[in-house]
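Observations on the model geometry
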Amino acid sequence: MIVRFNIDLSMQEQFDYRVTYEGEDLYSDVGLESIEDCIVAATEGLGSDAVAVEIAYKGIISGTYPLASLALVLDQIALHALQTTEAVEEAIAEAGK
């Protein structure tokens with residue numbers, strides 16, 4: 001099973017996440033300090049049938065990762081999610097000009 005971690009930035013500059021599978025919410029949490037914290041917390045709630053995770057920040061999927069690699073490269077995955085979202089948001093803004 002491949003689940004998705006949907007991470008968003010709240011109005012209070014904190015991070016929220018929802019874990020979904022095939023579009024259905026499994027669980028969520030709010031008020032975390034970073035994208036990394038969201039990934040760690042979301043991973044802790046997974047059952048043994050999850051084998052991979054899609055990471056989406058602000059609705060933009062940055063990649064799909066084997067579950068075993070999340071802890072090993074957590075900082076790199078979080079940075080990649082942030083940079084991917086920023087690049088897509090810039091492209092959208094440029095296209096709208």
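In case you missed it, the structure is sitting above this.
This text gives an overview of the structure that appears in the document. (Residues numbered from 1 in each chain as written. Predicted model: local features only at pLDDT ≥ 70, side-chain atom pairs only at ≥ 80, totals over all residues. Heavy atoms only, no water.)

Things to note about helix α1 (residues 35–44)
Buried within α1 we find Ile35, Cys38, Ile39, Ala41 and Ala42. Those residues of α1 hidden inside the fold are in contact with β1 (2–9), β2 (15–21), β3 (24–32), β4 (52–57), α2 (67–70) and α3 (74–95). Regarding α1, its N-cap is serine 34, as a side-chain oxygen of that residue lies 3.4 Å from the backbone nitrogen of glutamate 36 further along. (Buried < 20%, exposed > 50% of the residue type's maximum accessible area, 1.4 Å probe, protein only. Helix = DSSP H or I, 4+ residues; strand = E, 2+ residues; numbered from the N terminus. Contact = heavy atoms within 4.5 Å. Polar contact = N/O pair within 3.5 Å; in protein donor to acceptor, adjacent residues only side chain to side chain.)

Focus on the side chain of asparagine 6
Within the fold, asparagine 6 resides in strand β1. For asparagine 6, the side chain forms a polar contact with the side chain of threonine 20, separated by 3.2 Å.

Quick look at unusual backbone geometry
Trans peptide bonds make up the majority, and among non-glycine residues the majority have a negative phi. If you check the backbone angles, glutamate 13 has positive phi at about 60 degrees while not being a glycine. With respect to the element layout, glutamate 13 can be found in the loop between β1 and β2. Taking the relative accessible area as the measure of exposure, glutamate 13 reaches 57% and is therefore exposed. The backbone of lysine 58 sits at a positive phi, close to 55 degrees, despite the residue not being glycine. Structurally, lysine 58 can be placed in the loop between β4 and β5 (60–66).

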